[in-house]
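Report on the structure
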Amino acid sequence: MAGSKATFDDEADRFEKPVFSAVIRPHRSLSPQGFKTMMALVCLISVIASLPFVIMGFWPVAGFFGLDFLGLYIAFRVSYRRGQAFELLELTPIRLLLRKVSERGEAREWQFNPLWTRLDREADDEFGLQKLALTSRNEHVVIARDLSPEERETLADAFGRALSDVKRGY
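These numbers come from a predicted model, not from an experiment.

**Brief notes about the pairing of strand E6 (residues 128-136)**
Pairing between strand E5 (residues 117-124) and E6: 8 bridges, direction antiparallel. Residue Arg121 lies in a different strand from E6, and its bridge partner there is Leu132. Counting the residues that bridge the hairpin from E5 to E6 gives 3 residues. As judged from the 5 bridges shared by E6 and strand E7 (residues 139-143), these two strands associate in the antiparallel manner.

What follows is the structure in structure tokens.
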């Protein structure tokens, strides 16, 4: 009797175990250390460039250099904050989960039956894969907006294979 329970648990685990899982995050080309270095250089250049104006008595110009520095700093901080958003895509034999988490931590979640779900691709001959979407019955959800066309293509190929495997009973 105990052997049949273990088999049932193994079977249930098999259906809950992810066949495909991906976390999609926006790309940030500048590391935190690179950001600090760049801001130090911009600050140094601003100070050096404003010194002649201060010496000539045009000190308000130095303030405008400071405003440029502040604007650049704020723009990068906003960009890094937006970089905290992510999408989780997880496929099991019985469920497809899509969770989108904003930079503020607000989460939206969709669950699809993999047998009824398809991956729609919108490609451009010149610019590559422009849009990926999950479609199931009346729902159409765009995914992987933050990826480049090449990265979107790689994701679409891998996820498409996994979805096909699940539909065939892998």
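Additional details are given in the paragraphs that follow.
**A look at the sheet that holds strand E4 (residues 107-112)**
Where strands meet in a sheet, backbone hydrogen bonds hold them as pairs that are either parallel or antiparallel. Across the sheet, which stays open at both edges, the 4 strands sit in the order E1-E2-E3-E4 with antiparallel pairing between neighbours. Every interior strand has two partners, whereas the edge strands, strand E1 (20-24) and E4, have only one. Strand after strand, the sheet turns through a mean of 10° between neighbouring axes, direction not considered. By the bridge criterion, 6 bridges tie strand E3 (residues 96-101) to E4 in an arrangement that is antiparallel. Paired with Leu96 across the strands is Phe112, a residue of E4.

**Structural notes on the sheet that holds E6**
Read from one edge of the open sheet, 3 strands run E5-E6-E7, paired in antiparallel fashion. Here the strands that pair on one side only, and so sit at the sheet edges, are E5 and E7. Sheet twist, expressed as the average angle between the axes of neighbouring strands with direction ignored, equals 30°. Against the sheet, helix H4 (residues 149-167) makes contact with E5 and E6, and its axis sits at roughly 30° relative to E6, the strand it touches most.

**Here we look at unusual backbone geometry**
Glycine aside, residues mostly have negative phi, and peptide bonds are mostly found in the trans state. In this structure, Arg137 is a non-glycine residue whose phi angle is positive, near 55°. Relative to the elements of secondary structure, Arg137 occurs in the loop between E6 and E7. Classification of Arg137 by relative accessible area gives exposed; the value is 63%. Its identity is not glycine, yet Ala144 carries a phi of approximately 60°, on the positive side. For Ala144, a relative accessible area of 0% gives the class buried.

**What to know about the pattern of salt bridges**
Applying the stated criterion across every chain, the model contains 7 salt bridges. Salt-bridge contacts for Arg99 lead to Glu109; the nearest nitrogen and oxygen are separated by 2.7 Å. Of this pair, Arg99 sits in strand E3 while Glu109 sits in strand E4, and the two are 10 residues apart along the sequence. For Glu109, a relative accessible area of 42% corresponds to the partly exposed category. In this structure, Arg121 and Asp157 form a salt bridge, with 3.2 Å as the shortest nitrogen-oxygen distance. Of this pair, Arg121 sits in strand E5 while Asp157 sits in helix H4, placing them 36 residues apart in sequence. Judged by relative accessible area, which is 42%, Arg121 ranks as partly exposed. In this structure Asp157 comes out as partly exposed when scored by relative accessible area, which is 32%. If you follow the salt bridges from partner to partner, you end up with Arg121, Glu153 and Asp157 in one network.

So, how was this worked out
Residues numbered from 1 in each chain as written. Predicted model: local features only at pLDDT ≥ 70, side-chain atom pairs only at ≥ 80, totals over all residues. Heavy atoms only, no water. Pairing = 2+ DSSP bridges. Helix = DSSP H or I, 4+ residues; strand = E, 2+ residues; numbered from the N terminus. Axes fitted to C-alpha atoms, helices over the stretch in contact; angles between N-to-C directions. Contact = heavy atoms within 4.5 Å. Buried < 20%, exposed > 50% of the residue type's maximum accessible area, 1.4 Å probe, protein only. Salt bridge = Lys/Arg side-chain N within 4 Å of Asp/Glu carboxyl O.

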